[in-house]
There are 2 protein chains.
Amino acid sequence: MSDALVIGLDIGGTSTRVLVGDLDGTRVGAGLAGGGNPTTHGPAAAVVELRAALTAALTGVDPARVRAAVVGLAGGGKLAADPQARTAFDGAWRAAGLDCPYRLVGDALVGYVSATAAPDGSVLVAGTGAIAAAVRDRALDRIVDGHGWLLGDDGSGFWLGRRAARAALAVLEGRAPDGPLARAVRRRLLGTEEIASPARGTASDLVQAVNAGPPVALAELAPLVLRAYGADPVARDAVRDAAEHLADSLAGVHRAGLPVVLAGGLLATQTPLAAVLRTRIAQRWPTTAALPAGDGAAGAAWLAALDLSSRPAEELHRRLVRPAGTG
Amino acid sequence: MSDALVIGLDIGGTSTRVLVGDLDGTRVGAGLAGGGNPTTHGPAAAVVELRAALTAALTGVDPARVRAAVVGLAGGGKLAADPQARTAFDGAWRAAGLDCPYRLVGDALVGYVSATAAPDGSVLVAGTGAIAAAVRDRALDRIVDGHGWLLGDDGSGFWLGRRAARAALAVLEGRAPDGPLARAVRRRLLGTEEIASPARGTASDLVQAVNAGPPVALAELAPLVLRAYGADPVARDAVRDAAEHLADSLAGVHRAGLPVVLAGGLLATQTPLAAVLRTRIAQRWPTTAALPAGDGAAGAAWLAALDLSSRPAEELHRRLVRPAGTG
């Protein structure tokens, strides 16, 4: 078994990451491609990205050596329930020469284990959507939110983007003074900062521009809010409210003293939202360590290796997920 | 000109109303059919309802006598911009034997004039959507909201319905105690009040049930909130917050001392939301009279008659729009 390998996948909305490692925790190969979720990107497009990421990660590696796999996927349950998506995924899997079974887990779990080997804790994910989950024995336990943009995802990228569009409308209605965020939204959605007279025309154009795309595309306005954070009190309020929503979701699952991992595009990097949220977490749970998520694919590979490796979980985690020089 | 007639139409999401009157303010015919908005119901279905309502209203009347027409339509501007919808509407118009031109106005204006002949005031409409508008010289002036469910419609039926679904999810997440509203939502969306173990399964089913329909169908849950108002503090809070949103929108357009008309399915009848809103309006604007909307088709007919009739506007309004026995 000493030549056995494991593979981990982190399939997100904007990227697909793959990591191959051995049972000593040595990284053997890695792959990165665009978003490859078959249920959200469509099976055909997803397969292209999946194959690209798998091919890169398995370069120079005999895929038959891969004995265990963990696949982290937002709404992983949907892949199991969607025969067409499942067939597409399995096709890409076999095309890469892989024949070991894979375990589907939520992307929240992959985010959690990308930062810590602690069996119990919490994870808060905010990207396009938002979800909070308790982790118990390295499995997702209680979950709050993750309900999608129509009913939930409070404090997510969608939430921030919708807030930005509403702020721009409030200006056009004369209910709020103009400012950097509203101007940035007009520039993005209408191609100009100019306001028609009467402003109702510009408001209609803005509503129409948003409705011309899928609702979830509102998340693309979230970076405008983060960028305007230092210059516009409207953006500052939006970020503060988003952080409060996220902290509320976390409060539904978190147990004091255990670590919390901050994952997703809005929290894993140094954004104003992550900063405000960290302050809020430190206030509410002074004994809680807030850890930024790392490479989800490495976390997934570590989960896959746990049962096969003779090394202690923590040591394996340090080697495979947090090797020197990866932050 | 003494044999001239006018016609008014109020085309809403759930009903199409037509009223034919003469220049003395005597009602000559009326018609009622299902929702006939070509841009939301599709041209074919809309034409069926339009023709039914027009035929009923014009029974025993020579349509050539009709000299002026006003058509109230939510998003009336869209009809003008949508050639297919416009063609369908014009086809129904000619099929009814009508050859006079018609003036398209917003349904908010028709709601306003259904209650008062005062040239200046405000109107607040809450049905599936929500909009507030100032009326100046019997035309819509400043407008707040009416942005649709994705970006606005604060305090609307959609807003209340979404709030109801979220309240049901909060129960399933263990963030709120179970109650009459959450139970009613589960019964409506899932066919049972039962909660699976773990409750996350029921939460997923509920999210899936909502996402199986168009988002705007969430408005169908609004009556559950109104019904639970007396029995459930969660419903009470939702109604209070909706009223606050509506009052905020009104504040963006209202001028103290002028009348405000409450229109739309949630406000024109005696709902808990209308009652809470009336209290709120009385607190904010003690000198403002809040009037319930009446028959929008009669209001539209009155607008059509104004230029042709020699009677004073107020007298014509009293006869045509508020004849004895119509409230």
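Structure shown above.
Values in this document were obtained by computation on a predicted structure and should not be read as measured data.

Draft legend 1. Representation of the relation of the copies chain A and chain B. For the pair chain A and chain B, the relating rotation is 180°, the translation along its axis is 0.1 Å, and the fit reaches an RMSD of 0.1 Å. On this basis, the relationship between the two copies can be described by a two-fold rotation axis. Taking C-alpha positions as the reference, the residue of chain A nearest the rotation axis is A:Leu150, at 4.3 Å. Interface overlap between copies is the fraction of interface residues in one copy that are interface residues in the other; for chain A against chain B it reaches 100%, indicating a shared surface.

Draft legend 2. Structural view of the pairing of strand E4 (residues 66–73) of chain A. Residue and element names in this part refer to chain A. The buried fraction of E4 is high, at seven of eight residues. Direction of pairing for strand E1 (residues 5–11) relative to E4: parallel, over a ladder of seven bridges. Residue Leu5 lies in a different strand from E4, and its bridge partner there is Val66. Of the pairings in the sheet, the one linking E4 to strand E5 (residues 102–106) comprises five bridges and is parallel in character. Within E5, the residue paired with Ala69 across the bridge is Tyr102.

Draft legend 3. Inspection of the interface of chain A and chain B at higher detail. With 29 residues of chain A at the interface, the matching set in chain B holds 29 residues. Taking both partners together, chain A and chain B bury about 2500 Å²; carbon and sulfur atoms supply 53% of that area. Inspection of the region where chain A meets chain B yields two salt bridges. In this structure, A:Asp154 engages B:Arg166 in a salt bridge whose closest nitrogen and oxygen atoms are separated by 2.7 Å. Where chain A packs against chain B, one counts 16 residue pairs in polar contact (both at pLDDT 80 or more). Breaking the side of chain A that touches chain B down by element, the ones donating at least two residues are strand E8 (139–145), helix H6 (157–172), helix H8 (200–211) and helix H10 (233–251) of chain A. Across the side of chain A that touches chain B, the residue classes tally to 14 nonpolar, six polar and nine charged.

Draft legend 4. Up close: the pattern of salt bridges. Scanning the entire structure with this criterion turns up 36 salt bridges over all chains. For A:Asp3, the salt bridge identified is with A:Arg67, shortest N-O distance 3.9 Å. Linking A:Asp3 in the segment before E1 with A:Arg67 in strand E4, this pair joins segments that are 64 residues apart in sequence. Residue classification places A:Asp3 among the partly exposed residues on the basis of a relative accessible area of 37%. Accessibility expressed as a relative area gives 35% for A:Arg67, which makes it partly exposed. B:Glu193 is the salt-bridge partner of B:Arg187, the closest N and O atoms lying 2.1 Å from each other.

Draft legend 5. How the structure looks around the packing of helix H10 (residues 233–251) of chain B against helix H11 (residues 272–284) of chain B. Residues and elements named next belong to chain B. For the pair H10 and H11, the least separation of the axes is 9 Å and the interaxial angle reads 45°. Taken together, the axis directions place H10 and H11 in an arrangement best described as oblique. H11 is crossed by H10, and the crossing has right-handed handedness. Here Val239, Arg240, Ala242, Ala243, Glu244, Leu246, Ala247, Asp248, Leu250 and Ala251 of H10 lie close against H11, whose contacting residues are Pro272, Leu273, Val276, Leu277, Arg280, Ile281 and Arg284. Of the residues in the contact of H10 with H11, the class split is twelve nonpolar, no polar and five charged.

What counts and how
Residues numbered from 1 in each chain as written. Chains lettered and ligands numbered in written order. Predicted model: local features only at pLDDT ≥ 70, side-chain atom pairs only at ≥ 80, totals over all residues. Heavy atoms only, no water. Least-squares fit on C-alpha atoms with pLDDT ≥ 70 in both. Contact = heavy atoms within 4.5 Å. Buried < 20%, exposed > 50% of the residue type's maximum accessible area, 1.4 Å probe, protein only. Helix = DSSP H or I, 4+ residues; strand = E, 2+ residues; numbered from the N terminus. Pairing = 2+ DSSP bridges. Buried area = accessible area lost by both parts, 1.4 Å probe. Salt bridge = Lys/Arg side-chain N within 4 Å of Asp/Glu carboxyl O. Polar contact = N/O pair within 3.5 Å; in protein donor to acceptor, adjacent residues only side chain to side chain. Nonpolar A, V, L, I, M, F, W, Y, C, P; charged D, E, K, R; others polar. Axes fitted to C-alpha atoms, helices over the stretch in contact; angles between N-to-C directions. Parallel < 35°, antiparallel > 145°, perpendicular 65-115°, else oblique. Left-handed = near helix turned anticlockwise from the far one by under 90°.

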